[in-house]
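What follows is each chain in one-letter form.
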Amino acid sequence: MFEVSPRTIYRDIDTINMAGIPVRSTSGVGGGFEIMQEYKVDRKVFSTADLSAILMGLSSLSNMIRGNELVNALAKVKSFIPADKAKDIELKANQIVIDLSPWIGNRNIQPYLEMIKTAMQESKLLSFEYADRYGNKTARTAEPYQLVLKNSHWYWQGYCHKRNDFRLFKISRISNLQIKEELFTPRDYQKPQLDFTDIVETMQKKIKIRIHKSVMDRVLDYCNYEHFTPDGNEHYIVHFPFIENEYYYYILFSFGDKCECLEPNHIRTEMKRRIHDIATLYEN
């Protein structure tokens, strides 16, 4: 019925037992597992902090990933809230708001998230076109395994039939996404590596930039306030973490004329060359 092995069922039963829910087993014809009929979930098992945290997490997910299971889960959690604590729990749950939906941008993200989630639940293949960072598109078919939110960008981990390997696909680069009727047998896989802090820190070096105070909040997305030194009333000197690649040059250019690279000289020279190329483009 559930399309899983008996071993999986036994593991699930153990998990239910470990959660403190008593499971009774009977052997023989008509036997099996059941929760003890007299057992009722004790509403006191959840503290005010527990319920606030659960509500906060479910509400955050429901902004981007919709579905009956989330609606049902929210309704069930709310049923555990005692009437005399409802106001206090609602206040605590609303103290932190996590809204994963973008201000503006690719309108396909949310419907694609729901399609990928459906395909994962039903073990169905996905077909789509995928654009690399240079805009080159290739037709792909892949098995979906995991949705990932990293640095405000959505990705999904899947086994790509074209590459015969696991790949992390950025959803904003996907077009013409479709759920195929063809089913796949889930395979063992490793979760994608998402923490590159140690690697990035070894590659980064500090450069000196001068910024106007109007872009300070954006610069703080990339470094700490300890890296800032006031330079008059309107500007700051910042020791900015930098890697010599396209991505980091784009970051500097995103600050426009509110940012000047002071040191080292070869990066300042490269900035001037790129500015000249942009100016030449508009002269034509």
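Quick look at the structure, then. It should be emphasised that the depicted structure is a prediction, and the values quoted were computed from it without experimental measurement.

## So, the sheet that holds strand S4 (residues 137–150)
Here's step 1: Spatially, S6-S5-S4-S3-S7 is the arrangement adopted by the 5 strands of the open sheet, whose pairing is antiparallel. Strands at the two margins of the open sheet, each flanked by one partner only, are strand S6 (165–170) and strand S7 (174–183). Within the sheet, the average angular offset between the axes of one strand and its neighbour, ignoring direction, is 45°.
Here's step 2: Where S4 lies against strand S5 (residues 153–160), 8 bridges are found, and the strand directions are antiparallel. Paired with Leu 149 across the bridge in S5 is Trp 154.
Here's step 3: Relative to S7, helix H5 (residues 109–122) is tilted by about 20°, and along the sheet it contacts strand S3 (124–131), S4, S5 and S7.

## Points about the packing of aromatic side chains
Here's step 1: The full count for this structure, using the stated rule, is 17 aromatic pairs.
Here's step 2: Ring geometry for Tyr 225 and Phe 228: centres 5.7 Å apart, planes at 15°, overall stacked.
Here's step 3: A cation over a ring is seen here: Arg 274 above Tyr 249, with NZ or CZ 4.2 Å from the ring centre.

## Some words on the pattern of salt bridges
Here's step 1: Inspection of the entire model under this criterion finds 15 salt bridges.
Here's step 2: Between Arg 274 and Glu 270 there is a salt bridge, with the nearest N and O atoms lying 2.8 Å from each other. Of this pair, Arg 274 and Glu 270 both sit in helix H9 (residues 265–283), 4 residues apart, roughly one helical turn.
Here's step 3: Overall, the relative accessible area of 14% leaves Arg 274 in the buried class.
Here's step 4: Through salt bridges with shared partners, a single ionic network connects Glu 246, Glu 270, Arg 273, Arg 274 and Asp 277.

Rules used throughout
Residues numbered from 1 in each chain as written. Predicted model: local features only at pLDDT ≥ 70, side-chain atom pairs only at ≥ 80, totals over all residues. Heavy atoms only, no water. Pairing = 2+ DSSP bridges. Helix = DSSP H or I, 4+ residues; strand = E, 2+ residues; numbered from the N terminus. Axes fitted to C-alpha atoms, helices over the stretch in contact; angles between N-to-C directions. Contact = heavy atoms within 4.5 Å. Phe/Tyr/Trp six-rings, centres within 6.5 Å; stacked < 30°, edge-to-face > 60°. Lys NZ or Arg CZ within 6 Å of the ring centre and 35° of its normal. Salt bridge = Lys/Arg side-chain N within 4 Å of Asp/Glu carboxyl O. Buried < 20%, exposed > 50% of the residue type's maximum accessible area, 1.4 Å probe, protein only.

Geometric descriptors of this kind do not, in isolation, establish any biological role.
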